[in-house]
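Coordinate analysis (summary)
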Amino acid sequence: MLTKEPTPAFDLTNEERHNGLALAELLAADRAQHLRQIIVPALGTEDVVITDRYIASSMHFQVQDGLSFDQVRQLNADFILPDINIFMMADESSLDSRRSRRGVLTRFDGVGDFAGEVSSWRVVKGHMASCGVQVVIIQNNDDVAPEQTAYTMAKVIMERLEEVGNGRPESTSY
Ligand SMILES: Nc1ncnc2c1ncn2[C@@H]1O[C@H](COP(=O)(O)OP(=O)(O)O)[C@@H](O)[C@H]1O
Ligand SMILES: Cc1cn([C@H]2C[C@H](O)[C@@H](COP(=O)(O)OP(=O)(O)O)O2)c(=O)[nH]c1=O
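By convention here, each chain's residues receive numbers from 1 onward along its written sequence. Labels are handed out in written order, letters beginning with A for the chains and numbers beginning with 1 for the ligands. Under the rules for a predicted model, residues below a pLDDT of 70 receive no local features and side-chain atom pairs below 80 are neither given nor counted, while totals for whole chains, interfaces and linings still include all residues. Computation of side-chain values covers all heavy atoms of the structure but excludes hydrogens and water.

- Going by an unreviewed UniProt entry, the protein carries the name dTMP kinase and comes from Sphaerisporangium rubeum.

Dropping the structure here:
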């Protein structure tokens, strides 16, 4: 099953009307409902549940929005952890060209501090790994066809399914 956050129930204009803790709490409430209504029931019937964005996104965006890492961690403390957290990373020029193709930019679309973004994601990846989540990094520059990225992801998930019960492997990069 494929799902995404913020969910369709989340009013995206919240991002313009709120910031900091207020926005973080709205996103956490959306995540709680997403888990209760969609993810947890699906985990009982599906082999794989893939969510586009989850706890790690809050750890990056809400820290960028003024919260401490610990505040975000506490807001997300009750949520189940994923088996695998896939991070798609791209170089600065790929991100710039994608940003310029995008019509409307929000304050979370990056403000040109590429090194700062990379460093924030590095902290988030380290934290997820320290929680026992399998962290997988896929390079998704413009010279990688989207089909290739999809194939790599499918491969990672299939490998993980085969390993279930054999303990968690180390972090991997593709
Ligand atoms: N490997 C790729 N090659 C070319 N374009 C890509 C690739 N991966 C993503 N894109 C394009 O980049 C844009 C942003 O991707 P998206 O998944 O929305 O990123 P994010 O969720 O980080 O905002 C989309 O238009 C998407 O089609
Ligand atoms: C899931 C999540 C999203 N967001 C923000 C990032 C985006 O600005 C916005 C919508 O996310 P998303 O729909 O994933 O946007 P994108 O087109 O960049 O993939 O919500 C957070 O700030 N925290 C979160 O935990």
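The discussion continues.
Considering the packing of aromatic side chains
- Think of it this way: a Phe, Tyr or Trp ring, Trp meaning its six-membered ring, pairs with another when their centres are within 6.5 Å, and the plane angle makes it stacked under 30 degrees, edge-to-face over 60, tilted otherwise. Scanning the model with the defined rule gives three aromatic pairs in all.
- Judged by centre distance (6.3 Å) and plane angle (90°), the rings of phenylalanine 61 and tryptophan 121 are edge-to-face. Linking phenylalanine 61 in helix α3 (residues 55–64) with tryptophan 121 in helix α6 (residues 114–130), this pair joins segments that are 60 residues apart in sequence. Taken as a pair, phenylalanine 61 and tryptophan 121 share a single burial class, namely buried.
- Through a chain of ring-to-ring contacts, the aromatic side chains of Phe61, Phe87, Phe108 and Trp121 assemble into a single cluster. Helix numbers and strand numbers start at the N terminus; a helix is a DSSP run of H or I with at least 4 residues, a strand a run of E with at least 2. Think of it in three bands: residues with accessible area under 20% of the maximum for their type are buried, residues over 50% are exposed, and the middle band is partly exposed, with areas taken using a 1.4 Å probe on protein chains only.

Quick look at the pattern of salt bridges
- Between Lys or Arg on one side and Asp or Glu on the other, a salt bridge is scored when a side-chain nitrogen of the former is within 4 Å of a carboxyl oxygen of the latter. Considering all chains together, one arrives at nine salt bridges under this definition.
- Between aspartate 142 and arginine 98 there is a salt bridge, and its shortest N-O distance comes to 2.8 Å. Note that aspartate 142 is positioned in the loop between β4 (134–139) and α7 (146–163) and arginine 98 in helix α5 (residues 92–101), a separation of 44 residues in sequence.
- We classify aspartate 142 as partly exposed; its relative accessible area is 41%.

Some words on the site of ligand 2
- If you check the shell around ligand 2, you find 14 residues, and the closest are Lys4, Glu15, Arg53, Ser58 and Gln62.
- For the purposes of these results, a polar contact is taken to be a pair of N or O atoms within 3.5 Å, where, inside protein, one atom must be able to donate a hydrogen and its partner to accept one; residues adjacent in sequence count only when each atom of the pair is a side-chain atom. Taking lysine 4, its side chain carries an N or O atom lying 2.9 Å from an oxygen atom of ligand 2.
- Within the side chain of glutamine 62, an N or O atom sits 2.8 Å from a nitrogen atom of ligand 2.
- Burial of ligand 2 by the protein amounts to 82% of the accessible area it has alone, namely 540 Å².
- Of all the elements in the fold, those that place two or more residues in the shell around ligand 2 are α2 (20–43) and α3.
- Among the elements that line the shell around ligand 2, the one with the most residues is α3, at four residues.
- Three classes are used: nonpolar for Ala, Val, Leu, Ile, Met, Phe, Trp, Tyr, Cys and Pro, charged for Asp, Glu, Lys and Arg, and polar for all others, with Gly counted as polar. Residues belonging to the shell around ligand 2 are distributed by class as follows: four nonpolar, four polar and six charged. By convention in this text, a residue qualifies as near a molecule or strand provided that one of its non-hydrogen atoms is within 4 Å of it. Computed with the Shrake-Rupley method and a 1.4 Å probe, the accessible areas treat only the protein chains shown as cover for residues.

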